[in-house]
Amino acid sequence: MKTGYGLPAVAENYDRLLVPAMFAPLAGAVADSVEAAPGDRALDVACGTGALTRVLAERVLPDGRVTGLDLAEGMLAVARSHGGAIDYVQGAADELPFQDGLFTVVTCQQGLQFTEDPLAMLRECARVLAPGGRIAVACWCDLEHDAGFLALAEAADQHLGREVGRIMRAPFRISDPAVLRGHFESAGIGDVVVEIERVAARVPISAEQFGPAVMTAGPAGAAYAAAPAAAQESFAADVGRRLRPHADGDSVSFEMPSLIAVARV
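*Asks:* Provide a residue-level description of the overall build of the chain, including the pertinent values.
*Replies:* Scanning the chain for helices and strands turns up 10 helices and seven strands. Over its C-alpha trace the chain gives a radius of gyration of 18 Å, about what one expects of a compact globule, namely 18 Å for 265 residues. Here the chain holds 265 residues, and 57% of them are scored as buried. Once the 21 positive and 34 negative side-chain charges of the chain are each reduced to a mean point, those two points are 0 Å apart.

*Asks:* Break down the sheet that holds strand E2 (residues 65–70) for me, citing the residues and quoting the values.
*Replies:* Taken together, seven strands build an open sheet; the order of strands is E3-E2-E1-E4-E5-E7-E6 and the sheet is mixed. Because the sheet does not close on itself, it has two edges, and the strands there are strand E3 (87–90) and strand E6 (193–203). Strand-to-strand, the axes of this sheet are offset by a mean angle of 20°, without reference to chain direction. Where strand E1 (residues 41–45) meets E2, five bridges bridge the pair, whose relative direction is parallel. Note that in E2 the partner of Val45 across the bridge is Leu69. Seen against the sheet, helix H2 (residues 51–60) touches E1, E2, E3 and strand E4 (103–109) and runs at an angle of roughly 170° to E2.

*Asks:* I'd like a description of unusual backbone geometry, backed by residues and values.
*Replies:* Across residues other than glycine, the phi torsion is negative in most instances, and most of the peptide bonds are trans. A cis amide bond, omega 5°, links Leu61 with the succeeding residue Pro62. Within the secondary structure, Pro62 sits in the loop between H2 and E2. In this structure, Glu35 is a non-glycine residue whose phi angle is positive, near 55°. Structurally, Glu35 can be placed in the loop between helix H1 (8–33) and E1.

*Asks:* Residue-level account of helix H10 (residues 229–243), with values.
*Replies:* Two residues of an α-helix separated by three or four positions point the same way, owing to the 3.6 residues in each turn. Helix length check: H10 (15 residues) gives 21 Å between terminal C-alpha atoms against 21 Å at 1.5 Å per residue, within 8%. All buried positions along H10 are accounted for by Ala231, Gln232, Phe235, Ala236, Asp238, Val239, Gly240 and Leu243.

*Asks:* Can you tell me about the packing of aromatic side chains, naming the residues and giving the values?
*Replies:* What the rule picks out here adds up to six aromatic pairs. Seen from their ring centres, Tyr14 and Phe23 are 5.3 Å apart, and the 40° between their planes marks the pair as tilted. According to the relative accessible area criterion, Tyr14 is buried, its value standing at 3%. A relative accessible area of 8% means that Phe23 is categorised as buried. Ring pairs connect the aromatic residues Tyr14, Phe23 and Trp140, which therefore count as one cluster.

*Asks:* Give a description of helix H3 (residues 73–81) that names residues and reports values.
*Replies:* Turning to H3, its buried residues are Gly74, Met75, Leu76, Val78 and Ala79. If you follow the buried residues of H3, they end up packed against H1, E2 and E3. Of the residues trailing H3, Gly83 is marked for its positive phi of about 75°.

*Asks:* Go over the environment of Arg198 with me, naming the residues and quoting the values.
*Replies:* Residue placement: Arg198 occurs in strand E6. On the basis of relative accessibility, which here comes to 53%, the residue Arg198 falls in the exposed class. Here the alpha-carbon distance between Arg198 and Pro25, two residues 173 residues apart in the chain, equals 9.7 Å. At 3.4 Å, the side chain of Arg198 and the side chain of Glu255 are in polar contact.

How each quantity is defined
Residues numbered from 1 in each chain as written. Predicted model: local features only at pLDDT ≥ 70, side-chain atom pairs only at ≥ 80, totals over all residues. Heavy atoms only, no water. Helix = DSSP H or I, 4+ residues; strand = E, 2+ residues; numbered from the N terminus. Rg over C-alpha atoms; globule rule 2.2 N^0.38 Å. Buried < 20%, exposed > 50% of the residue type's maximum accessible area, 1.4 Å probe, protein only. Lys, Arg positive; Asp, Glu negative; His and termini not counted. Charge placed at Lys NZ, Arg CZ, Asp CG, Glu CD. Pairing = 2+ DSSP bridges. Axes fitted to C-alpha atoms, helices over the stretch in contact; angles between N-to-C directions. Contact = heavy atoms within 4.5 Å. Expected span 1.5 Å × (residues − 1). Phe/Tyr/Trp six-rings, centres within 6.5 Å; stacked < 30°, edge-to-face > 60°. Polar contact = N/O pair within 3.5 Å; in protein donor to acceptor, adjacent residues only side chain to side chain.

Set out below in structure tokens:
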């Protein structure tokens, strides 16, 4: 689960560049959808650097409690650096290190699509929920609707190799509402509602800087760093060309629609 983000430098770049641009704008909608409220016991699975975890803390503390779980210690180190009364635990999402029925709220923002066994992860989320507890899972919509990452994936195919392009497509593996709902139902979680939240992503860098900057903030960073300088330059220029229509001065803006599935167990 997001293991490519575990290196300290990658986690720091992710937190500095991608969290405020893409993940923080979605976090409030996920917390709203799961009706996080004072007194809830909340678990944020695949929490990364804590964008959603901190929003949950704002909603449920001081009477409740919040736990963030991630497999990557590098992400957790950055999450802890933000402070706050949040417990951060290293662990796998498909084998949660918690007792049955411990939480009233479980969330996962952009993590389900990275696990090898989504059903096992969802079953674990249901297991740790108390009766009547709520779960919300967010997954990005189809890559074709995301100008920023579509540019990265297509330019990577051409200049860095198809394996790098495959890595850039990984966040969009579960992009069909019917597939996401089907995972919930197969895991024994019924009455699922799936909606689309249209996130407006704004990255404060130029179109020409976008490719290199985002690559150093994600799991393809090592492959990008190992590529010849000429390939890196061609990749950056190609991404810049593709994103020029979305550039405004020193920023790039595009829509990143996300599915949010919500259920009560």
